Amino acid sequence: MTPDCERADRNDAVRGAAGDWQRAGVIDEATRQAIEATVPDDRVRVGPVFRVLLFIFTVIAVSTGFWFLSMFLGLLHSENGAVFPGFALVTGVVLALVTDFQIVHRRRSEGGTEAATSLLAIGYLLAAAAWWLFERMDFDLRHGLPVLCLAAAVLAAIAAWRWGYPLYAGAAAGAVLIALAQWPFGRLLWIALPLAAAPFLLRLSESSRLPPSHRTSWTLVLGVALAGLYVAVHLGSWEEQLVEEIGQARMLQPPRSDSLWWLSMAATALVPVILLALGIRGRGRRYPLLILGAGTAVTSLITLRWYVHLAPLWVVVTVSGTLLVGLVLGLRRWLDAGPSRERGGFTAEPLFQDLARLRLLEMGAAVLAFSPESRSLHEEPKFEGGGGQFGGGGSNSEF
Amino acid sequence: MNPDVVKAIPELVRGGVLPPTKAPVLLRVARGELLSVHGELRALLYAGVLLLTGGVGLLVKENLDRIGPLTIAVGIGLAAAAALAWVIAKAPPFSWGPVPSPNLAFDYMLLLGVLLAGADLAYIEVTFTPLGAHWAWHLLIMALLTGLAAFRFDSRVVFSLSLSTFAAWRGVSVAFFGATLLNEESAVRWNAIGCGVLFVVCGWVLARTGRKAHFEPVAANLGWLLVLGGIGSGMLASGNAGLAWSGALLLVGAGLAAGAFRARRFPLFAYGVLAAYAGLSYLVVDGLDLEMMGCFWFSITSLLLILGLLFAQRRMRILS
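Okay, so let's go over this structure. Predicted model, so just to flag it, every value in this text is computed and none were measured.

## Some remarks on the overall build of chain A
Part 1: When helices and strands are counted, chain A shows 15 helices and two strands.
Part 2: C-alpha atoms of chain A, sized along the principal axes, occupy 65 × 65 × 60 Å.
Part 3: Out of the 399 residues in chain A, the part that is buried amounts to 41%.
Part 4: In chain A, the proportion of contacts linking residues at least 24 apart, taken out of those at least 6 apart, comes to 58%.

Printed below as a string of structure tokens:
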């Protein structure tokens, strides 16, 4: 990121916080405006709806433009097979330059078009690289894929660093993991590298020397690395040889009595506990670790049910739901009863969370999850049961 | 943790921009020393309701023969009644305006009660068939009861379920926001359009009368999605019918985009733009016999649309 972009990124973080404070009623409109005046925004931004539309139409315009020119210039049927991939390479380079021009010179941020061109630039460059690997170098998938993944990781990492898109950093970390899976001892690398890198990644994700976008990028890299670590030690992944499957190096399934099986079982149970403990430990709460810890804890509990059948599925699901509701209500009461309605640095008060957005998400999820099946205009009703299918504020002929 | 905000707060206090009394709590949050888990608790409650309703569904499926239909119907009914009784006991007085939830669990207990009641009603109808040949009316009954609950307890989530249950009664699935309409037949298409228009009008009346006006966006969004989805599904018809539907989609989409732009209703504006573009493109591309010309059309029109959107956005900024 250029110094200008960095400054804009830092200012945007403060402006965003001021907006949250005003929404929560901590400051008034005048104070927010005064804060915004001290951290001016020199970027050209658009709202979320325009951003989505501009992104969609930029992707359509560039992609169809590429195919039109390919057909118009006869590149698809060229005798020299390198012409079409060469055109993809040139398009990728041009799109990267266009992205840079928009972000650095036109000062666009959250504008939709620059995000679309950056994504397409990576896509076209990777397509050219894939052609070069598999057609020109004649690599097979097993040997070509790690190289392609590493190329994707490098491109995505550069895009994240230069243009400040954290998602690319996460994608780069994912691509590195896939590449590592192809190597000998891939599973070991999935465990060792995240373990070795985690302290540094955690420090980078909180470093005040980095702009917010880069901090978020490192947070995502940390998240992907730790998710990879959990997958590598997970009992189910060990039994199913998931990492080896990704790396196309599936070995014989180890016997259950193998000490590694017991180690994997212990790690499946311990990783969530360690992540949660690290998230809570210290003065500052580490939200990404807490979320990862909670997510892996749920996965480990589901894994437990897979191996240990304590009760029929309906009992497990219903009791889990009841316990979850009880746990949340208990936790809420416990937090509310603490001094200033907080305990150990946690509060159930909304503080600066955007409740309107949260409710919108809930509504969308409710329509998706609970909308009843429509009645068929021709069929007779029938009962099928099936957990969760009976949906809605409504009911349904299929229950 | 947000180091930039941590750094900015003392500077803002020193500059007299931020009152010093506000700084300590803001600093604690920015440093990560105080973390709100409000949203996370809500998400977990939601997951709890999902698990509970899913568990009840599995119970019925796996134990239908063993438990017996009457026990199941009574059991689910009692569970629904218990949840709704709790909601009634805790509910604040009715108001036509927005009413804050009395506690975190309120919305979710209401949702649980409504879902269990809906499940019970469906089960009773399927097992004991009290409505006979008019079995589908239980969906309408449930839509009306859910709507009443939504108004009484001021829940937009339950209101959206009421609308989707009503649409289900008319044979229209709102799951995936109308996208499933694309493979539907003519009768369902007209039902979808009818339901959509009804929802939009319902929203308009709510906003106009100021009675639960905050429910209007739910009705308007769902309504327009059904209208556009219904019209859009007609484009798959062969021959002139397909062209007529695409023309209709172009007109309705353009009208919606223009109206939404003036009213600053951005999601509706997006629906309108996408629908109008799809309608126009179908009309034009259908007449082209070359793949290359199709690519040319999409490329040029997308570019023009990008310019138009940038212009519209700039104009909106100037006007506001």
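From this point on, the discussion continues.
## Structural notes on the overall build of chain B
Part 1: Per the secondary structure count, chain B includes 12 helices and one strand.
Part 2: From first element to last, N terminus to C terminus, chain B shows the α and β order α-α-β-α-α-α-α-α-α-α-α-α-α.
Part 3: By the compact-globule yardstick of 20 Å for 320 residues, chain B is too spread out, its C-alpha radius of gyration being 25 Å.
Part 4: On the principal axes, the C-alpha backbone points of chain B span a range of 70 × 65 × 40 Å.
Part 5: Among the 320 residues that make up chain B, the fraction classed as buried is 48%.
Part 6: When contacts within chain B are restricted to residue pairs at least 6 apart in sequence, long-range pairs at least 24 apart make up 57% of them.

## Considering unusual backbone geometry
Part 1: Of note, Asp138 of chain A is a non-glycine position whose phi angle comes to about 60°, a positive value.
Part 2: For Asp138 of chain A, a count of 9 C-beta atoms within 10 Å corresponds to the exposed category.
Part 3: Of note in this structure, Asp154 of chain B is not a glycine but carries a positive phi near 55°.

## Here's the deal with the environment of Ile60 of chain A
Part 1: Inspection of the secondary structure assignment puts Ile60 of chain A in helix 3 (residues 48-72).
Part 2: Remark: the alpha-carbon pair of Ile60 of chain A and Gly123 of chain A, spanning 63 residues in sequence, is separated by 14 Å.
Part 3: If near-sequence neighbours (up to four positions away) are discounted, Ile60 of chain A is found in contact with Phe298 and Ser302 of chain B.

## Considerations on helix 1 (residues 3-14) of chain B
Part 1: With 12 residues, helix 1 of chain B should reach 16 Å at 1.5 Å per residue; the first-to-last C-alpha distance of 18 Å fits that figure.
Part 2: Taken residue by residue, helix 1 of chain B has Asp4, Val5, Ala8, Ile9 and Leu12 of chain B as its buried positions. Down the axis of helix 1 of chain B, the sector holding all buried residues measures 130°, keeping them to one side.
Part 3: Buried residues belonging to helix 1 of chain B abut helix 1 (3-23), helix 2 (29-38) and helix 9 (212-233) of chain A together with helix 2 (23-31) of chain B.
Part 4: One or two steps after helix 1 of chain B, the chain reaches Gly16 of chain B, where phi turns positive at roughly 75°.

## With respect to the sheet that holds strand 1 (residues 35-36) of chain B
Part 1: An order of 1(A)-2(A)-1(B) is seen for the three strands of this open sheet, with the pairing classed as mixed. The open sheet terminates on both sides in strands that have one partner only, identified here as strand 1 (342-343) of chain A together with strand 1 of chain B.
Part 2: Note: strand 2 (residues 346-347) of chain A against strand 1 of chain B, two bridges, orientation parallel. When the bridges of strand 1 of chain B are listed, Phe346 of chain A appears paired with Leu35 of chain B.

## Digging into the nonpolar core
Part 1: Formed by 169 residues in total, the largest nonpolar core has its most connected members in Ala156, Ala172 and Ala175 of chain A together with Ala219 of chain B.
Part 2: If you tally residues by element for this core, the top one is helix 5 (residues 106-128) of chain B, at 15 residues.

## Comments concerning the interface of chain A and chain B
Part 1: Residue-level contacts link 91 residues of chain A with 100 residues of chain B.
Part 2: Looking at the side of chain A that touches chain B, the elements that each hand over two or more residues are helix 1, helix 2, helix 3, helix 14 (313-336), strand 2 and helix 15 (355-370) of chain A.
Part 3: Here the side of chain A that touches chain B takes 15 residues from helix 3 of chain A, the largest share from any one element.
Part 4: Looking at the side of chain A that touches chain B residue by residue, the class counts come to 51 nonpolar, 29 polar and 11 charged.

## A few points about the packing of helix 3 of chain A against helix 5 (residues 113-136) of chain A
Residues and elements named next belong to chain A.
Part 1: The contact between helix 3 and helix 5 brings their axes to 8 Å, and the two run at 40°. When the axes of helix 3 and helix 5 are compared, the pair comes out oblique. Viewed along their axes, helix 3 and helix 5 form a crossing whose handedness is right-handed. On helix 5, the residues that touch Leu54, Phe55, Thr58, Val59 and Val62 of helix 3 are Thr113, Ala115, Ala116, Thr117 and Leu120.

## Regarding helix 8 (residues 186-205) of chain A
Part 1: Taken as a whole, helix 8 of chain A carries its principal kink of about 45° at Ala198 of chain A; the proline Pro199 of chain A stands between one and four residues after it.
Part 2: Residues of helix 8 of chain A that are buried sit in contact with helix 7 (166-182), helix 9 and helix 11 (242-246) of chain A.

## A few points about the packing of helix 15 of chain A against helix 7 (residues 156-169) of chain B
Part 1: Close contact between helix 15 of chain A and helix 7 of chain B brings their axes to 9 Å; oriented N to C, the two are set at 30°. It follows that helix 15 of chain A is roughly parallel to helix 7 of chain B by the angle criterion. Helix 15 of chain A and helix 7 of chain B meet at a crossing whose hand is right-handed. Between helix 15 of chain A and helix 7 of chain B, the contacting residues are Arg359, Glu362, Met363, Ala366, Val367 and Phe370 of chain A on the first element and Arg156, Val157, Ser160, Leu161 and Ser164 of chain B on the second.

Cut-offs and rules
- Residues numbered from 1 in each chain as written.
- Chains lettered and ligands numbered in written order.
- Predicted model: local features only at pLDDT ≥ 70, side-chain atom pairs only at ≥ 80, totals over all residues.
- Helix = DSSP H or I, 4+ residues; strand = E, 2+ residues; numbered from the N terminus.
- Buried ≥ 20, exposed ≤ 12 C-beta atoms within 10 Å, placed from the backbone.
- Contact = placed C-beta atoms within 7 Å.
- Rg over C-alpha atoms; globule rule 2.2 N^0.38 Å.
- Expected span 1.5 Å × (residues − 1).
- Arc of directions from axis to C-beta.
- Pairing = 2+ DSSP bridges.
- Core = buried A, V, L, I, M, F, W, Y, C linked by C-beta atoms within 7 Å.
- Nonpolar A, V, L, I, M, F, W, Y, C, P; charged D, E, K, R; others polar.
- Axes fitted to C-alpha atoms, helices over the stretch in contact; angles between N-to-C directions.
- Parallel < 35°, antiparallel > 145°, perpendicular 65-115°, else oblique.
- Left-handed = near helix turned anticlockwise from the far one by under 90°.
- Bend = angle between axes of the 7 residues up to and from the residue.

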